[in-house]
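The lines below spell out each chain.
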Amino acid sequence: MEKYIEKLENIFKQAKQEIEEIKNLKELEEWKIKYLGRKSYLANFSEILKNLDLEERKKVGEFYNQTKEKLEKIYHQQKEKLSEEEIEFDFYHPGNQVYYPTLTLISSNLKKIIEIFQNMGFIIIDAPLIVSEYENFDSLNMPKFHPAREMWDTIWLKEPRNYLLRTHTSAFQVPFLKKYKPPIRGIVPGKVFRFEATDSRHDFEFYQIEGISVSENSNFSHLRYIFEEFFDNYFEKKITLRFRPSYFPFTEPSIEVDISCVLCNQRGCSVCKFSGWLEVAGAGMIHPFVLKEAGIDSKKFQGYAFGTGLERLIMLKYQINDIRLLHSSDLRTNEISS
Ligand code: FA5
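Residue positions are given per chain, counting from 1 as you read along its sequence in written order. With the structure being a predicted model, the display of local features is reserved for residues of pLDDT at least 70 and the display and counting of side-chain atom pairs for 80 or more, all residues being used for whole-chain, interface and lining totals. Calculated side-chain values reflect all of the structure's heavy atoms, with hydrogen atoms and water omitted.

### Some remarks on the overall build of the protein
Then comes step 1: Per the convention used, a helix needs a DSSP run of H or I reaching at least four residues, while a strand needs a run of E reaching at least two, with both numbered from the N terminus. Along its length, the protein carries 12 helices and 10 strands.
Then comes step 2: Classification of the 338 residues of the protein by burial places 43% in the buried group.
Then comes step 3: Only heavy atoms enter the contact rule, under which two residues are in contact if any of them lie within 4.5 Å. Contacts spanning at least 24 positions in sequence make up 67% of the contacts within the protein whose residues lie at least 6 apart.
Then comes step 4: We get accessible surface area from the Shrake-Rupley algorithm with a probe of 1.4 Å; when it comes to residues, only the shown protein chains can shield them. When the accessible surface of the protein is totalled, it reaches about 19,800 Å², and 52% of it is carbon and sulfur.
Then comes step 5: Charged-residue counts in this description rest on Lys and Arg as positive and Asp and Glu as negative, His and the chain ends being excluded. One atom stands in for each charge, and that atom is NZ of Lys, CZ of Arg, CG of Asp or CD of Glu. Taken together, the 47 basic and 50 acidic charged side chains of the protein have centroids lying 2 Å from each other. Categorising residues by exposure relies on relative accessible area from a 1.4 Å probe, with only protein chains included: less than 20% of the type maximum marks a residue as buried, more than 50% marks it as exposed, and the intermediate range marks it as partly exposed.

### Overview of the site of the ligand
Then comes step 1: Contacts to the ligand come from 24 residues, most closely from His168, Ser170, Arg194, Asp203 and Gln208.
Then comes step 2: Between aspartate 203 and the ligand, the recorded distance is 3.1 Å, taken from a backbone N or O atom to a nitrogen atom.
Then comes step 3: Coverage of the ligand by the protein chains reaches 93% of its 680 Å² of free accessible surface.
Then comes step 4: Sorting the residues of the shell around the ligand by element identifies strand E6 (205–215), strand E9 (277–286) and strand E10 (302–309) as the ones contributing at least two each.
Then comes step 5: Here the shell around the ligand takes four residues from E10, the largest share from any one element.
Then comes step 6: Gly falls in the polar group here, along with every residue not listed as nonpolar (Ala, Val, Leu, Ile, Met, Phe, Trp, Tyr, Cys, Pro) or charged (Asp, Glu, Lys, Arg). Classifying every residue of the shell around the ligand by side-chain character gives nine nonpolar, nine polar and six charged. Near, as used in this document, describes a residue that has one of its heavy atoms within 4 Å of the molecule or strand being considered. Here a polar contact is taken to be a pair of N or O atoms separated by no more than 3.5 Å, where protein atoms must pair a possible hydrogen donor with a possible acceptor and residues adjacent in sequence count only if both atoms sit in side chains.

### Some details on the state of the cysteines
Then comes step 1: By convention in this document, the label disulfide applies to cysteine sulfur atom pairs within 2.5 Å. With the rule as written, the count across this model stands at zero disulfides.
Then comes step 2: The structure places no disulfide on cysteine 264, whose sulfur is separated from the nearest cysteine sulfur, that of cysteine 261, by 3.6 Å.
Then comes step 3: For cysteine 264, a relative accessible area of 6% corresponds to the buried category.
Then comes step 4: You can see cysteine 269 has no disulfide; the closest cysteine sulfur is in cysteine 261, sitting 3.7 Å from it.

### Here we look at the pattern of salt bridges
When charged atoms on two side chains of opposite charge get close, those side chains can pair.
Then comes step 1: For salt bridges, the criterion is a side-chain nitrogen of Lys or Arg within 4 Å of an Asp or Glu carboxyl oxygen. Enumeration over the complete set of coordinates arrives at 17 salt bridges.
Then comes step 2: A salt bridge links arginine 149 to aspartate 138; the shortest N-O distance between them is 2.8 Å. Of the two residues, arginine 149 is situated in the loop between helix H6 (133–136) and strand E3 (155–156) and aspartate 138 in the loop between H6 and E3; the sequence distance between them amounts to 11 residues.
Then comes step 3: With a relative accessible area of 12%, arginine 149 lands in the buried category.
Then comes step 4: One salt bridge in this structure joins aspartate 258 and arginine 244, with 2.7 Å as the shortest N-O distance. In this pair, aspartate 258 sits in strand E8 (residues 251–260) while arginine 244 sits in strand E7 (residues 241–248), placing the two residues 14 residues apart along the sequence.
Then comes step 5: Here aspartate 258 falls in the buried class, since its relative accessible area comes to 2%.

### Re the packing of aromatic side chains
Then comes step 1: A pair of Phe, Tyr and Trp rings is counted when the ring centres sit within 6.5 Å of each other, with Trp represented by its six-membered ring. The angle between the planes then sorts it: under 30 degrees is stacked, over 60 is edge-to-face, the rest tilted. For the structure on display, the rule yields 19 aromatic pairs.
Then comes step 2: On the numbers, 6.5 Å between centres and 90° between planes, the contact of tyrosine 4 with phenylalanine 45 is edge-to-face. Residue tyrosine 4 is found in helix H1 (residues 2–21), and its partner phenylalanine 45 is found in helix H3 (residues 45–50); the two are separated by 41 residues along the sequence. Assigned by exposure class, tyrosine 4 and phenylalanine 45 land together as buried.
Then comes step 3: Between tryptophan 31 and tyrosine 75, the ring centres sit 6.3 Å apart and the planes meet at 5°, which makes this aromatic pair stacked. Here tryptophan 31, found in helix H2 (residues 25–36), pairs with tyrosine 75, found in helix H4 (residues 54–85); they are 44 residues apart in sequence, far enough to count as distant.
Then comes step 4: The exposure class of tryptophan 31 is buried, given its relative accessible area of 3%.
Then comes step 5: Taking the relative accessible area as the measure of exposure, tyrosine 75 reaches 4% and is therefore buried.
Then comes step 6: An aromatic cluster is built from Phe117, Phe122, Phe227, Phe230, Phe231, Tyr234, Phe235 and Phe306, whose rings are joined through pairwise contacts.
Then comes step 7: Ring-over charges, as used throughout, are those where CZ of Arg or NZ of Lys falls within 6 Å of the ring centre and within 35 degrees of the ring normal. Between the NZ or CZ atom of lysine 7 and the centre of the ring of tyrosine 41, over which it lies, the distance is 4.9 Å.
Then comes step 8: Residue placement shows arginine 224 over the ring face of phenylalanine 243; its charged tip is 5.2 Å from the ring centre.

### A short note on the domain arrangement of the protein
Then comes step 1: Each assigned domain of the protein is listed here: domain 1 (2–86) and domain 2 (105–337).
Then comes step 2: In this structure, domain 1 and domain 2 have C-alpha centres spaced 78 Å apart. Source of the domain bounds: an automatic or database domain assignment.

### Some thoughts on H4
Then comes step 1: Given a helix with a known number of residues, its expected span is that number minus one, times 1.5 Å. Helix length check: H4 (32 residues) gives 46 Å between terminal C-alpha atoms against 46 Å at 1.5 Å per residue, within 8%.
Then comes step 2: Those residues of H4 that fall on the buried side of the exposure criterion are Val60, Gly61, Tyr64, Thr67, Leu71, Ile74, Tyr75, Gln78 and Leu82.

Dropping the structure here:
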């Protein structure tokens, strides 16, 4: 009995010594065949056990099992170690697409727009997303039950009552003018929310950029100049503007601003519906009611305000045909910008 135990001990000692010398997986497999393979001493050990009496068989059998387990253990340990060292390199394997971290189109374009307005002397204001009914409507010349409120599908909060997710950045016009006394010009960029069904051009949350300028003589020609500068810089090409009469309760007169189609240069295409023009903003001279709400003397001061949709501008610039792509997590949308 002792001789078998001794033999097993020697085999393990030798196997351990050899495995420590092994430098690659090929040699390791040869080692495995030698010590654990079909023709190995251990594989045929049952022949030996068979001839022992019960007591000896129990003892030797147990020792045999331990030896086999230890051999398997050092085999797996060595295999793991060598596999880590020996990473096989396939020069022909196609690489994974690498997405470098970039700002999203929304962030990078907002940044650019902010820079353009900053260069024209506008201050940048971050305003709250939750506003009061007064800020969103009443202060903008839309008392309760005014039909113009229907122009903005509203998401009301249950608590606190009479609060809502702002439907437009215009909600900050009065707080802005109360805080910064004229002469002042600033922009309020940020998210707005509407209770509205989505389609390729409408989402229920999107970004607006509100512009406000009040001084003794801020007027439409200033607004036109500011818009021309802004659109030329943003689209990096010469843009023609068109002002069309419109209606907003908080501006008088009110206008819609169209730009010459950036895709077809007014030759006519499906995006501009062959009109050559694209609507990009609402604007107007700030209504005396709004100035009064802000505590500003409308006989002394006047000003213009405008509101434009960020996503609509991005869609035109990068020819994106669905606004929802900009709010999805599909990284390919961002690749356009790099
Ligand atoms: C307004 O929200 C006014 N507050 C704009 C304004 C400001 C007028 C200051 C006068 C003075 P309107 O609802 O039209 O207006 O929205 C302005 C812009 O937001 C639109 O021209 C469009 O670019 C964008 N917009 C409107 N609705 C959506 C929508 N559902 N999804 C994406 N963009 C939208």
